[in-house]
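# Observations on the model geometry
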Amino acid sequence: MELEFRRRDYGATHKSQFLPRSQTQKHPLSSTLASRDQQAKTVRGRDLHFFDPLRGLDVNASAEENVEDTCISIEAVTQDLIKEWKSLKRILMQRFPVSKLLLCFTQSAVESPSALSHPEETGSEQTSLEEPAKIISQHEYIAKVHELRDGINSAWQAEDRVTSLKLSIKVTKLLMDTTVLRFYPTVFVIVTDMLDMLGDMVWERIKQKAELDIDGTVICALPMISALKQERLAITGFAKLVLFENFSLACKAPSIIIFLILPTFLCLSIGLSLYAHSYLELAILPCWRFLINQPMEVLDRLVMMVRGLADPLTSLYCRLYMVHRMQKFGFCSSGYLIKCIKDIEDVLAPVLVDKEGYSYITDDKKLLFSLVEPAIEYIMKCLFLTGRQENNVLGILEELGFGRNKFQSSYNSSHVSILLHYLLKELPSELVSSLAMEILDMIRCSNDCSFSQVLNYRLLGNRLSEGKSQEGFLSSLIDEVIQAASQYQSLYDYLRIMDAYVDLMLQNKMENHLDALLDDIVSLARDKFLSEEEQASLQSIILKLLSHFENLQEVLPLNHFIEILDLMSGTSKSSVNMHLLNMGTRNGCICDSTTVQLLFEVSQALYDATDFVNIKDDDNRQTSHLISRFVEMVDYGAEMERHLLFLAECREAFNGIHELKETLVRSSNTLAVKALKAGKKHINFVKSCLAFSEVTIPSISSPTKHLNLYLETAEVALLGGLISHSDELVMSAVEYLENVVLTDGLKSIDIDSMASVICKLCSLLVMIPGNPEKGVMEILKSIFSATRSSSWATLRVKVKIFCAIMSLLSTLSQDNLPYHSANPEIIGNELLFFGDSSYKQELVSCTQLVLSELLDAIEQESSQISRGNMALEACNCISSALVMNEKVKELCLRLLETAKGCLGANDRYIESTKKSLQLRYTE
Amino acid sequence: MEKDDNSDKVCLSVKEKYTSEQPEEMVTNLKASVRELSVKVKEQNQRKCDAKDKLQQLRERISKEVVDVSVQELIPLLRSLKEFVKEESEVRSRCNVKRSALEDAVHDLEERAGKGLDGEIQEEDLDGLLVVSLDNLTSAKKELGATLREIVSLKRQIDDVPCQSELLQYERRFSELNVCIQEKLQQTRKLYATYNALLEIKDLMLKETSLLNSIGSQFQDVIGTPAGRVKLIDSMEGVMKGIQQKIGKIQLGLQEEQRLRDASKEKYIAAAAEQRKCYTVLRAYQEECTKNERLRSHISAMNEHL
């Protein structure tokens, strides 16, 4: 018996599957809204009920928070200072690292502790003088300093105070050596650690002596409170009384050791240099509170002593250590800090100006100022922390020379640039805003070699940008800044200065100043290539502009904007181009032809700057995505031919971007559909779009996308009534399917996707009329042969595809097809081949071929579970497609037996398949 | 027209009765229809008499009134009379034909009633009619299918001929692919040039290495004798001359490359300037177009106002 196709009524099937509708009395959303309103009312009632206790709790919590804030503010200052000191030391070590270069040091400076055990001091000095200078590395130098420090500690622990003191003097003398300037910060950090240790040890010893008797009996335990609170109690008089009472009691002891500790240290250091004496006294500074009533007198003397240090580097670092010790024990006040800063200014004055009165920069001066910067920064920070605590920031400014009247400022408004820089850095934002004009005048007058004036201008702009409220002075301020920046006649300096003021211009809508800025940039950059630093500054300015404006249309009309873009190159230009593309594509369609042209050029520049050939796709994915999105967003409206030309230009310009190919094809298909909706007169344009898609698709590398786009384009052709074009596109897809080779890059997901696309193609073939000249089933046979001979398709995929082909053949055999093309010109096969016996015979013969291959594929499967599922799937397909004659029944039973053998008799799928087969038997 | 409509209705009613009722009743119905036809003939005769009466009245009127006016009124009446006469003859002949057909049908039915084969005859006739209709429908569909196949075939042939715009797309793609091939060729040439340059560098380094090794191996022996020293100096001078010549050649090549680079740079600068000019012109053109549209809209508004 021959195979026969089962008759199906798609209309009846559709009606049976159609869900019944019932009219509702109320709209579902309205009832939901009503219930929500009720819930809201209930919640509101509850809220009203609990409102007062929550308010009460909030009030209590806020009160507690206020108290905690007050406590934190007191401790925060101390902790901040400790952190600042630690960070300063870390900065010094990082900025001036220890190098491996060999350096020239006199070895006598770092003698071992055993050398000091020589009986005669004079002899040892003579010996050291006779020794020649030796070359040692910095690491060796540091190791020996650490050895000395350990010696100090061990001597102190062994109660050998004299040796400990002598070693401390030796270590402190190292700070006098400025032979290697870059190494000085490292030595300073190490030596100050030692001095802090020494000071702590002396303090603990004196405290111990005051608390304990000779026999070890506790006389009176001093309260274990922090130094800050001790200072506070001393000011109130209570601690002072306690301390001196202890000393009175201690004086009654027969020994006078207490009175000899500090004088002993001081007497031993009389013969030392002023430098070592200053450092040692600073180390034991807190101990003076045990002897005198007014420790501030010592500070005054120390300030005078430090002024005697002539070398600017050592002088500055000594002041830095002095500020640190003051801060640590709460002796510091703004007055002393102001004195330090003034002294620093006096010390730096001879360095700034030569004997002949000229101020110029040299390498040595540059190095000196770089070494001095951290110290100045720390002192300024301490000053303003103290000033905020004392609420005396304005007073500090007046003391330092700010806020004077015009008459006085005209004579003495010059300040050291480096001091002015760090002063400006630490000023509060509101003061920067209020004193902006005065600060600008000082910056203009302070033009020396200690610090770059350009950076001071820049810092002023950055600080003003931080402020929230702006005043009317800003326009005149920026005018003066632009004039000052223009005088440098250097694009790099100009860009660095104005970069800090761009945000101010944009926030305050100063269009005229912005235009002036852009004009100056173009004039300074004319006929020259920009350096990398200039490129970076220009990039910063352009990105600020782009970030401020919402639309690209607002940026393009700016004066010289395009010219400035042309000046840029390299990574800076790429970054700006990416921002331009992102900005242009985020606000919907791009309709302006000028904007399209500009963004096309930007995309081309970005594409040329990126190496798409050698670099992997993951590295340039962002660039690809931006350009693809740009092409997708372009819309020429009614000028469809111009749009198609644009797509062709993009394909030529960006042929290395794989993501773009898909976008181009989809855009072309969209254009074709738009033209079809416009009318029949655009049929040639539709053909052009189809040709564009047809020649672009072969360059797409992904198999799934390749096939999907072929199908999409074929659907568009069918919608346009172009049967020949749809046939060609489908055949191209099938030919591509035949050429797909199983490679490592082809994943299982891709294989499943390709199978889905082929099933979709089978669904599309229901609508495509057969070609009697080449064979009605030409396309279907090609799909079948491609699937059968493919190397990428697994057996499971083959079974899936063969079942789809069986379903298609069954559908084509019906008198009425389930669906047709939207275009009425496309006539279905049920009308074309009505009553044609050869058509029916061909369908039957194809079915036989597919059926045999289907059974073979199932038998070849090695996995039991897969084979069983495949058998059931095939059985269901056959039973729904064919009439249940004897041959078909035999096939179905055999498939069922195969499934039972693989899955077991109790499988649910088998049970449902049996039921459906029984229904088929009764028909 | 009314007569035609009435006759169509009579035919339809006769068909309906013929298909649904029994032969005896059908005979009765046929007789009734004959009576109806007779009544209609009488009505037509009555209308004929009315027309004659009207004509007589007109003739009397003509004798009383003016001849010209009467003649003008008489001509259309005469024409209508002729038409009515024609219609009468046509209706009469049609009625006679229908009457004879119906009488024949009645006669057939009477014969069938006498024979007693009502059911079988009816079913056979109905099946025959149905088969004939289905055959007609099938043949019509087959003809339609053949015609549609021809149409689709012609449509395919027409679509297979590419239009000018399609060819432009193919041409453009071919040129793009050619450019890609050229770029690939340039890249390949560049890589080959790099390889050749590196190979040349390798050769020079090998020569330098061999020279240094030679000097190192022979220096101690040569430096001891005056003749050896002179020979060494001469050899070094020869090497120096060779190196100088080599450097000269390379310098020439370098100058040529620099010249090409400068020319390319100048071209780039000129192209960039041209691009800026084009952008400026395009922008100005767009602004002018916008202004033109605004003015045109203003003019149209003014015209409407006038």
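Since the structure is predicted, the reported quantities are computational estimates derived from the model, not experimental observations.

## Here's the deal with the overall build of chain A
For chain A, the helix and strand inventory stands at 43 helices and two strands. When the accessible surface of chain A is summed, it comes to about 45900 Å², and 53% of that surface belongs to carbon and sulfur atoms.

## A closer look at the overall build of chain B
Assigned secondary structure in chain B consists of six helices and zero strands. Listing each helix as α and each strand as β along chain B from the N terminus yields α-α-α-α-α-α. When the 306 residues of chain B are sorted by exposure, 11% land in the buried category. Sequence-distant contacts, at least 24 apart, represent 68% of the contacts inside chain B between residues at least 6 apart. Of the roughly 24900 Å² that chain B leaves accessible, carbon and sulfur atoms contribute 59%.

## Some details on the nonpolar core
One broad trend across soluble globular proteins is that nonpolar side chains are buried collectively. Counting 260 residues, the largest nonpolar core has Met498, Tyr501, Phe646 and Ile805 of chain A as its most contacted members. In contact with Ile805 of chain A, not counting residues within four places along its chain, are Cys762, Leu780, Ile783, Phe784 and Val850 of chain A. In terms of nonpolar packing, the next biggest core, distinct from the first, is built from nine residues, Met26, Leu37, Val91 and Cys95 of chain B among them.

## Brief notes about helix H34 (residues 703–719) of chain A
Residues and elements named next belong to chain A. In a regular helix each residue adds 1.5 Å, so 17 residues correspond to 24 Å; H34 covers 24 Å between its end C-alpha atoms and thus fits that length. Of all 17 residues in H34, 12 are buried, a share of seventy percent or more. Within H34, the full set of buried residues consists of Pro703, Thr704, His706, Leu707, Leu709, Tyr710, Leu711, Thr713, Ala714, Val716, Ala717 and Leu718. Directly beyond the C-terminal end of H34, a positive phi value near 80° is found at Gly721.

## Overview of the interface of chain A and chain B
If you look at the interface, chain A gives 47 residues, while chain B gives 31 residues. Carbon and sulfur atoms make up 54% of the surface buried where chain A meets chain B, a total of about 3600 Å² over both sides. Per-residue buried area on chain A facing chain B is highest for Thr594, Leu832 and Phe834 of chain A; these three make up 16% of the total on that side. The tally of links between chain A and chain B comes to four salt bridges. For the salt bridge of Glu176 of chain B with Arg651 of chain A, the shortest nitrogen-to-oxygen distance reads 2.8 Å. Inspection of the region where chain A meets chain B yields 12 residue pairs in polar contact (both at pLDDT 80 or more).

## Some details on the environment of Gln157 of chain A
All names here are of chain A. Assignment of secondary structure puts Gln157 in helix H4 (residues 138–157). A relative accessible area of 59% places Gln157 in the exposed class. Sequence separation between Gln157 and Met201 is 44 residues, and the spatial gap between their C-alpha atoms is 9.7 Å.

## A word on a nonpolar patch on the surface
All names here are of chain B. On the surface, a cluster of nonpolar side chains totalling about 220 Å² of accessible area is made up of Leu78, Leu81 and Val85. With respect to the element layout, Leu78 can be found in helix H3 (residues 67–115). Judged by relative accessible area, Leu78 falls into the partly exposed class, the value being 37%.

## Some words on the pattern of salt bridges
Residue and element names in this part refer to chain A. Under the counting rule described, the total for this entry stands at 14 salt bridges over all chains. Its salt-bridge partner being Asp635, residue Lys674 comes within 3.7 Å of it at the nearest N-O pair. Of the two residues, Lys674 sits in helix H32 (residues 658–678) while Asp635 sits in the loop between helix H30 (621–633) and helix H31 (640–653), which places them 39 residues apart along the sequence. Since its relative accessible area comes to 22%, Asp635 is described here as partly exposed. Of the charged contacts in the structure, one is a salt bridge between Glu842 and Lys781, with a shortest N-O distance of 3.5 Å.

## Let's talk about the side chain of Thr713 of chain A
Residues and elements named next belong to chain A. In this fold, Thr713 is placed in helix H34. A relative accessible area of 0% places Thr713 in the buried class. From its side chain, Thr713 meets the backbone oxygen of Leu709 in a polar contact 2.7 Å long. When sequence neighbours within four positions are dropped, the list of residues in contact with Thr713 reads Val665, Asn669, Leu690, Ser693, Ile697 and Leu729.

## Some thoughts on the environment of Ala899 of chain A
All names here are of chain A. Relative to the helices and strands, Ala899 resides in helix H42 (residues 886–903). With relative accessibility at 0%, the residue Ala899 sits in the buried group. Separated by 27 residues in the primary sequence, Ala899 and Leu872 place their C-alpha atoms 6.4 Å from one another. Every residue in contact with Ala899, bar those within four places of it in the chain, is listed here: Gly868, Ala871, Leu872, Gly904 and Ile910.

## A few points about the packing of aromatic side chains
Residues and elements named next belong to chain A. This structure, assessed with the given rule, holds seven aromatic pairs over all chains. Here Tyr607 and Phe654 contribute two aromatic rings whose centre-to-centre distance is 5.6 Å and whose plane-to-plane angle is 75°, an arrangement assigned as edge-to-face. With Tyr607 in helix H29 (residues 593–609) and Phe654 in the loop between H31 and H32, this pair connects stretches of sequence that are 47 residues apart. With respect to class, Tyr607 is no different from Phe654; both count as buried. Arranged with centres 4.7 Å apart and planes meeting at 5°, the rings of Phe833 and Tyr839 form a pair that is stacked. Accessibility expressed as a relative area gives 4% for Phe833, which makes it buried. Given the relative accessible area of 3%, Tyr839 is considered buried.

## Quick look at the confidence of the model for chain A
Residues and elements named next belong to chain A. For chain A, the mean per-residue pLDDT works out to 72, and 66% of the residues sit at or above 70. The low-confidence segment residues 32–74 (pLDDT under 50) makes one contact with residues lying over four places distant or belonging to another chain. Segment residues 404–413 is flagged for pLDDT under 50; beyond a separation of four residues in sequence, or across chains, it makes three contacts in the model.

Calculation criteria
Residues numbered from 1 in each chain as written. Chains lettered and ligands numbered in written order. Predicted model: local features only at pLDDT ≥ 70, side-chain atom pairs only at ≥ 80, totals over all residues. Heavy atoms only, no water. Helix = DSSP H or I, 4+ residues; strand = E, 2+ residues; numbered from the N terminus. Areas by Shrake-Rupley, 256 points an atom, 1.4 Å probe, with all protein chains shown as cover. Buried < 20%, exposed > 50% of the residue type's maximum accessible area, 1.4 Å probe, protein only. Contact = heavy atoms within 4.5 Å. Core = buried A, V, L, I, M, F, W, Y, C linked by side-chain atoms within 4.5 Å. Expected span 1.5 Å × (residues − 1). Buried area = accessible area lost by both parts, 1.4 Å probe. Salt bridge = Lys/Arg side-chain N within 4 Å of Asp/Glu carboxyl O. Polar contact = N/O pair within 3.5 Å; in protein donor to acceptor, adjacent residues only side chain to side chain. Patch = residues over 30% accessible without salt bridge, like charges linked within 9 Å, V, L, I, M, F, W, Y side chains within 5 Å. Phe/Tyr/Trp six-rings, centres within 6.5 Å; stacked < 30°, edge-to-face > 60°. pLDDT = per-residue confidence, 0-100.

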